[in-house]
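Single-letter residue listing:
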Amino acid sequence: MTTVIDRLNRPLKKKPSGGTAETPRPVLRERGQHEVFCGLTSIIWLHRKMQDAFFLIVGSRTCAHLMQSAAGVMIFAEPRFATAIIGERDLAGMADVNDELDKIVARLLERRPDIKMLVLVGSCPSEVIKLDLSRAAQRLNAEHHNNCRVMAYSGSGIETTFTQGEDTFLTALIHDLPAAAAASPQSLLVVGTLGDVIEDQFARIFQGFGIEHFSFLPSRLSSSLPAVGSNTSFILAQPYANDAAKALIGRGAKQIAAPFPLGEQGTTSWLSAIAERFNVGTARFAATTDPGRARARQAVAHSRKDLQGRKVFLFPDSQMEPSLARFLANEAGADILEVGTPYLHKNHVSGELACLPETILVSEGQHVDNQIDRARAAKPDLIVCGMGLANPFEVEGFTTKWSIEFVFTPIQGYEQAGDLAELFARPLRRRALLKVEA
Ligand code: SF4
């Protein structure tokens, strides 16, 4: 257990004199017990996004129980994920785990010919017994390549936290993407899972900008994976796609740096970074985005009266916290006390943090007891945290918001800015309505 104060280099900012300076922002780094999901949970939104993919976890009963609990009612809808449970015979070395896996995969693909991409997902148990799922994927690919592509990545709790599972999946997927020809036209790639409705809205905006070639990763079907090369410009739609960004750069693609598209301001900054790369003129940009901006501002104003001046404390969960804090502070007028994140990727979020006042504590990692003590002492009006902490805080008289909802609810883009503000405002309104006393 260690606690380290580090300094985050903030991006170059204009000094009042007109010069530039790097101002380091202190970051509290904590290690200790942490209350977060493992990367397996990302399968819950990934399997809904890629409609011809099946995610086969190679793990234990614990992993199966986690998925059943986290997926909630989805498990009754014949979801496209399952767990191949490593039994005692496998652990004792009495069975060849690879043979068992091959049999399970053959049975599964026979029963479900609609599966066009099978994803083997590593877990803590498969890692501990050193089961090489990448090799298994290669072997199974050779066997089933006529009907189905097989790939592997790790969602284990040893290696990944919650949304990082998507990052490891995307990174594995990027290594498999077809190469774009050197003479291919300039294209835009948006990286990180977005709701279909949001993708459709952004697609209309890109068309309004006159961008002809654009795609989203992950794609809705494994058969429509985009090609990537030196003429690809990519932009992250989610802050946790760190290794995916590195993998794309490794494939020759060029990153467009921008804040994340949360709220009216975040979405406008994100779109204007794209517009700049694709030489979209100011008039065209304004004509395409002005109506959406006006609608977003109006929708956020509805919740602003509930959020203005309210003190908010964010526990680490999905890595979206710096962007959520920026939205809350700048667009909803909230007063942020602490913004915690499981990992702080300086390159991706320093733009977000630069928009926040210096007084806000930024923390990376977690020592949950210390953080609970800080939250109690700060007496926030709203605590954004996981389900494991929410009800105990409510019992103590605090108002809470389950952080997982920001991952499952469509919140990016202009049309969702009002819904995003509403997610924060609703628990405050409910407490006021119920007149709950501390
Ligand atoms: S992968 Fe590890 S942390 Fe996640 S459910 Fe399985 S055993 Fe638990």
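Treat the numbers as computed from the prediction; the structure is a model and nothing was measured.

Explain helix H11 (residues 282-307) to me, and be specific about the residues and the numbers.
Between its terminal C-alpha atoms H11 stretches only 33 Å, short of the 38 Å expected from 26 residues at 1.5 Å a residue. Considering bend angle alone, the principal kink of H11 is centred on Thr289 and spans about 45°; proline Pro291 follows within four residues of it. Where H11 is buried, its residues contact helix H8 (196-209), helix H10 (263-277), helix H12 (321-331) and helix H17 (417-434). One or two residues past the end of H11 sits Gly309, with phi positive at roughly 75°.

Describe the UniProt feature "binding site: [4Fe-4S] cluster" (unreviewed entry) in the protein, listing the residues and the values that go with them.
The feature "binding site: [4Fe-4S] cluster" (unreviewed entry), as annotated in UniProt, sits at Cys38, Cys63 and Cys124 in this numbering. Over a stretch of 87 residues, the named residues converge on one spot in the fold, their C-alpha atoms separated by at most 9.6 Å. In this fold, Cys63 is placed in helix H2 (residues 61-71). On the accessibility criterion, Cys63 (10% relative accessible area) is buried.

Go over the site of the ligand, please, and point to the residues and values.
As a structural note, the neighbourhood of the ligand is formed by Cys38, Leu40, Cys63, Leu66, Ser123, Cys124, Ser156 and Gly157. Tallied by class, residues from the shell around the ligand come to five nonpolar, three polar and no charged.

Tell me about the domain arrangement of the protein, and name the residues and values.
Per the domain assignment, the segments of the protein are domain 1 (39-160), domain 2 (187-283) and domain 3 (302-434). If you average the C-alpha positions of domain 1 and of domain 2, the two centres end up 29 Å apart. Listed as interface residues are nine residues of domain 1 and, on the opposing side, 13 residues of domain 2. Counting the surface lost from both domain 1 and domain 2, the interface buries some 880 Å², and carbon and sulfur atoms represent 55% of this. Run the count over domain 1 and domain 2 and you get two salt bridges. Note that Lys49 is salt-bridged to Glu199, the shortest N-O span being 2.9 Å. Run the count over domain 1 and domain 2 and you get five residue pairs in polar contact (both at pLDDT 80 or more). Counting residues per element, the side of domain 1 that touches domain 2 draws most heavily on helix H1 (residues 43-49), at three residues. A per-class count over the side of domain 1 that touches domain 2 returns four nonpolar, one polar and four charged.

Hey, could you go over unusual backbone geometry for me, with residue numbers and the actual values?
Note that the residue after Leu217, namely Pro218, is joined by a cis bond; omega there is 5°. By the element assignment, Pro218 lies in the loop between strand E10 (214-217) and strand E11 (232-236). Although it is not a glycine, Phe162 adopts a positive phi angle of roughly 45°. By the secondary structure assignment, Phe162 is in the loop between strand E8 (149-154) and helix H7 (164-176). For Phe162, a relative accessible area of 0% corresponds to the buried category.

A description of the packing of aromatic side chains should follow, citing residues and the corresponding values.
Geometrically, a pair of aromatic rings is defined through the distance of the ring centres and the angle of the planes. Following the criterion strictly, the structure yields 16 aromatic pairs and no others. One aromatic cluster in this structure is built from Phe202, Phe206, Phe214, Phe216 and Trp270.

Requested: an account of the confidence of the model for the protein, with residues and values cited.
Taken residue by residue, the protein gives an average pLDDT of 90. The fraction at 70 or more is 92%. Under a pLDDT of 50 for its full length, residues 1-21 has, in the predicted model, 59 contacts with residues more than four places off or in other chains.

I'd like to hear about the sheet that holds strand E7 (residues 117-122), residue by residue, with values.
Here we have four strands laid out as an open sheet, ordered E6-E5-E7-E8, and parallel in their pairing. The two strands at the open ends of the sheet, each matched to only one other strand, are strand E6 (81-85) and E8. Ignoring strand direction, the axes of neighbouring strands in this sheet form an average angle of 25°. Both strand E5 (residues 53-59) and E6 contribute to a ladder of five bridges, which runs parallel. Residue pairing for E6: Leu56 is matched across the bridge by Ala82. Across the sheet, helix H6 (residues 133-144) lies against E5, E7 and E8, angled at about 175° from E8, the strand it touches most. Sitting on the sheet, H7 is in contact with E5, E7 and E8, with an inclination near 140° to E8.

Cut-offs used in this document
- Residues numbered from 1 in each chain as written.
- Predicted model: local features only at pLDDT ≥ 70, side-chain atom pairs only at ≥ 80, totals over all residues.
- Heavy atoms only, no water.
- Helix = DSSP H or I, 4+ residues; strand = E, 2+ residues; numbered from the N terminus.
- Expected span 1.5 Å × (residues − 1).
- Bend = angle between axes of the 7 residues up to and from the residue.
- Contact = heavy atoms within 4.5 Å.
- UniProt positions renumbered as here; feature names shortened; annotations may be inferred.
- Buried < 20%, exposed > 50% of the residue type's maximum accessible area, 1.4 Å probe, protein only.
- Near = heavy atom within 4 Å.
- Nonpolar A, V, L, I, M, F, W, Y, C, P; charged D, E, K, R; others polar.
- Domains from an automatic or database assignment.
- Buried area = accessible area lost by both parts, 1.4 Å probe.
- Salt bridge = Lys/Arg side-chain N within 4 Å of Asp/Glu carboxyl O.
- Polar contact = N/O pair within 3.5 Å; in protein donor to acceptor, adjacent residues only side chain to side chain.
- Phe/Tyr/Trp six-rings, centres within 6.5 Å; stacked < 30°, edge-to-face > 60°.
- pLDDT = per-residue confidence, 0-100.
- Pairing = 2+ DSSP bridges.
- Axes fitted to C-alpha atoms, helices over the stretch in contact; angles between N-to-C directions.

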